[in-house]
Amino acid sequence: MFDNLSEKLQRVFKNLRGEGKLTAENMEAALREIRMALLEADVHFRVVKQLIESIREKSMGEDVLSALSPGQQVVKIVRDELIKMLGSHQSRLRFANEPPTVMMIVGLQGSGKTTSTGKLAKWLSRNGHNPLLVSVDVYRPAARQQLAVIARDVKLPIYAGTPEETAPVDLVRSARREAAQTGRDVLLVDTAGRLHIDEQLMRELRELHEQFSPTETLFVADAMTGQDAVKSADEFHKQLGITGVILTKMDGDARGGAALSVRSVTGQPLKFVGTGEKPDAFEPFHPDRVASRILGMGDVLSFIEKVEQNIDQKQAEEMQRKLIDNEFTLEDFRDQLRQIRKLGPLESLLGMMPNLGPMKDLKNVKVDDKEITRIVAIIDSMTERERFNHMIINGARRRRIAKGSGTSVQDVNNLLKQYAQARKMMKSFTGGGFLGKRLGKLKLPMLQP
Ligand SMILES: Nc1nc2c(ncn2[C@@H]2O[C@H](COP(=O)(O)OP(=O)(O)OP(=O)(O)O)[C@@H](O)[C@H]2O)c(=O)[nH]1
Ligand SMILES: [Mg+2]
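Residues numbered from 1 in each chain as written. Chains lettered and ligands numbered in written order. Predicted model: local features only at pLDDT ≥ 70, side-chain atom pairs only at ≥ 80, totals over all residues.

With respect to the site of ligand 1
What surrounds ligand 1 is a group of 20 residues, the closest being G112, T114, T115, G193 and G274. Ranked by residue count, the leading element in the shell around ligand 1 is helix 5 (residues 113-126), at three residues. Among the residues making up the shell around ligand 1, the classes are represented as two nonpolar, 13 polar and five charged. (Near = placed C-beta within 6 Å. Helix = DSSP H or I, 4+ residues; strand = E, 2+ residues; numbered from the N terminus. Nonpolar A, V, L, I, M, F, W, Y, C, P; charged D, E, K, R; others polar.)

Structure representation (C-alpha cells):
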C-alpha cells in the first residue's frame, strides 16, 4: 500500500537533500514531481491541486524551522499537509448518550459491508463495548446467513428476527429493543447493497435513517475501485449523510488514491480500513501514521519531531547572541547540556542528520549521560556569581564546589576546562565561515569530544 507513492516522494526528497538551499526553481521542480507522484497514485486531481498549492505556499513562507535542512523542511511541510489532507487526527466513533447506539453500515454491492460489520463488532467488543448485530438485507436470505456465520465466528450475538419481520424497519426496531433489554450498547445494522446507487435502495436507507437516527452511518467502500469509491462515497453523503468511511481491501490496493482523497472530497473522515478477509484485518485509520508510512523516512521524521518538541527556537537564538557577545555562562552551559539530554543521546541525534558534511567527525563524539549528570551537579553547586563569572572560581571555591556536588576537585577542574573549550569552539563556529553558518543553522549545542 502506498509503495509507489512512497518511493517517488523519497526520490524527490533525496534530490532536494543535495541542494544547499530552497529556491523557487528547485522547489518548483520538486513540486512537479510530487504532483506527478500523487496523480499516479490516483489521488483526486482537485485534492492534488490543493495540496501542491499549500506545499508551495508553506515552503516559500517564513514559518520554517531553521534547525532543519532544506530537504528536511520540505519533508516536514509535505508531512504536515498530508496529515491535514487525511484529517489531522484520528476520527473516533461516536456513541449515543442513550444506549443502544445505532450504527448503520451502508455501501455498494460487494464492497465489504457484511465482512466489515463483523470486524467492527469484534473491534468494538475488544474496546469495551457489547455489540448486537442485525442484517436487514431482506432480499437475499444468504446475506443474513452470512452475517450469522460471521457473528458466530467473532462470538457475538445476532438478532435473527421472526418470520413475520420482513421489512428492514421492523427488524431494526426489534433488534434495538432486544439490545436495550439484553444490555447491548451498540446495534450494528448491516444493509443490502446494489450494483449502482438506485432510487429504491436510497429510499430504503433514508427511511431507516429517519426512523432510527443512527449515531454513525458508515459508508463501506472498496479501495481497489479508486476514485469510483470516492465518487460513490460522495454520492451517499449527499443523499443520506454519512458520518465516516470504512475502506476495505486496502491489502489489494497498491496505489492508495481513495484513502488519500476521500476525506478531502466528501468532508467525511476515513474511520477504519480493512486489510484482509479475516475478522482481525481491520484497524482505525491514523492520518499521522499513514503520512509517515507514505513518506517512509522514519528516522528523518522522528528527528523533525524531536526538533519540534524540544528545541525552543527563541532560546536557541538567544544562546547564539550570547555566544557572539561572549556572555555564554556556566548556567547556559548547563542548560545546553540539559537540552542535549532531552534530545536523547547525541550520537543517535547526529546519526539522524543525513548531511553533516565536514562536520561528520562529530558523529564520533561520545556523550556520556553520567558525565552530564555530574557536570550539572557541579554547576548546581556553584553560587550565582560563580556561574556568571567563572574567572572568580579559585582553589578554595573549587574545593567547596567539589564537596557540595559530591565530586572531586579534579572533576571541577575538568568541567571548567571543558566549558572554556566549548566556549571557544562555539565562538569560532558562530563567528562565520562554512562551519559557523552550518552550526548557526542547526543551532544544536555542541560539546568537545
Ligand atoms: N482482501 C480483502 N477482502 C475483503 C475485505 N473486506 C471484504 N472482503 C471480501 O470482499 C467480499 C465481499 O464482502 P462482503 O462483506 O460480502 O460484501 P458486502 O458489501 O456485504 O456485499 P453485499 O452484501 O453483496 O452487497 C468477500 O469475499 C470478502 O471476504 C478486505 O479488507 N480485504
Ligand atoms: Mg452483505
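What follows picks up the thread again.
Remarks on the sheet that holds strand 7 (residues 270-274)
Spatially, the eight strands line up as an open sheet ordered 3-2-4-1-5-6-7-8, and their pairing is mixed. The open sheet has two free edges, formed respectively by strand 3 (158-159) and strand 8 (282-284), since each of these has just one partner strand. Sheet analysis places strand 7 next to strand 8, joined by three bridges and oriented antiparallel. Counted as the bridge partner of V273 is E283 from strand 8. Across the sheet, helix 6 (residues 141-153) is in contact with strand 2 (131-135), strand 3 and strand 4 (186-190); its angle to strand 2 comes to roughly 160 degrees. (Pairing = 2+ DSSP bridges. Contact = placed C-beta atoms within 7 Å. Axes fitted to C-alpha atoms, helices over the stretch in contact; angles between N-to-C directions.)

Overview of helix 5
With 14 residues, helix 5 ought to run about 20 Å at 1.5 Å a step, and its terminal C-alpha atoms sit 20 Å apart, in line with that. Burial analysis of helix 5 places 12 of its 14 residues in the buried class, the great majority of the element. Every buried residue of helix 5 is listed here: K113, T114, T115, S116, T117, G118, K119, L120, A121, K122, W123 and L124. The first or second residue beyond helix 5 is G128, which carries a positive phi of 85 degrees. (Expected span 1.5 Å × (residues − 1). Buried ≥ 20, exposed ≤ 12 C-beta atoms within 10 Å, placed from the backbone.)

Quick look at the packing of helix 1 (residues 3-17) against helix 2 (residues 24-40)
The packing of two helices is summarised by the inter-axis angle and the distance between the axes. Put simply, helix 1 and helix 2 touch, their axes get as near as 9 Å, and they point 175 degrees apart. The angle between helix 1 and helix 2 falls in the class roughly antiparallel. Contacts from N4, L5, K8, L9, V12 and L16 in helix 1 reach N26, A30, E33, I34, A37 and E40 in helix 2. The residue makeup of the contact of helix 1 with helix 2, split by class, is seven nonpolar, two polar and three charged. (Parallel < 35°, antiparallel > 145°, perpendicular 65-115°, else oblique.)

Digging into the nonpolar core
One finds V134, V189 and L247 to be the most contacted residues of the largest nonpolar core, which totals 78 residues. Ranked by residue count, the leading element in this core is helix 4 (residues 70-86), at seven residues. When residues of this core are assigned to domains, at least three fall in each of domain 1 (3-89) and domain 2 (101-285). Among all residues touching V134, those that are not within four sequence positions of it are I158, Y159, L171, V172, A175, L187 and V189. Counting 12 residues, the second-largest nonpolar core is a separate cluster that includes I375, M382, L415 and A422. (Core = buried A, V, L, I, M, F, W, Y, C linked by C-beta atoms within 7 Å. Domains from an automatic or database assignment.)

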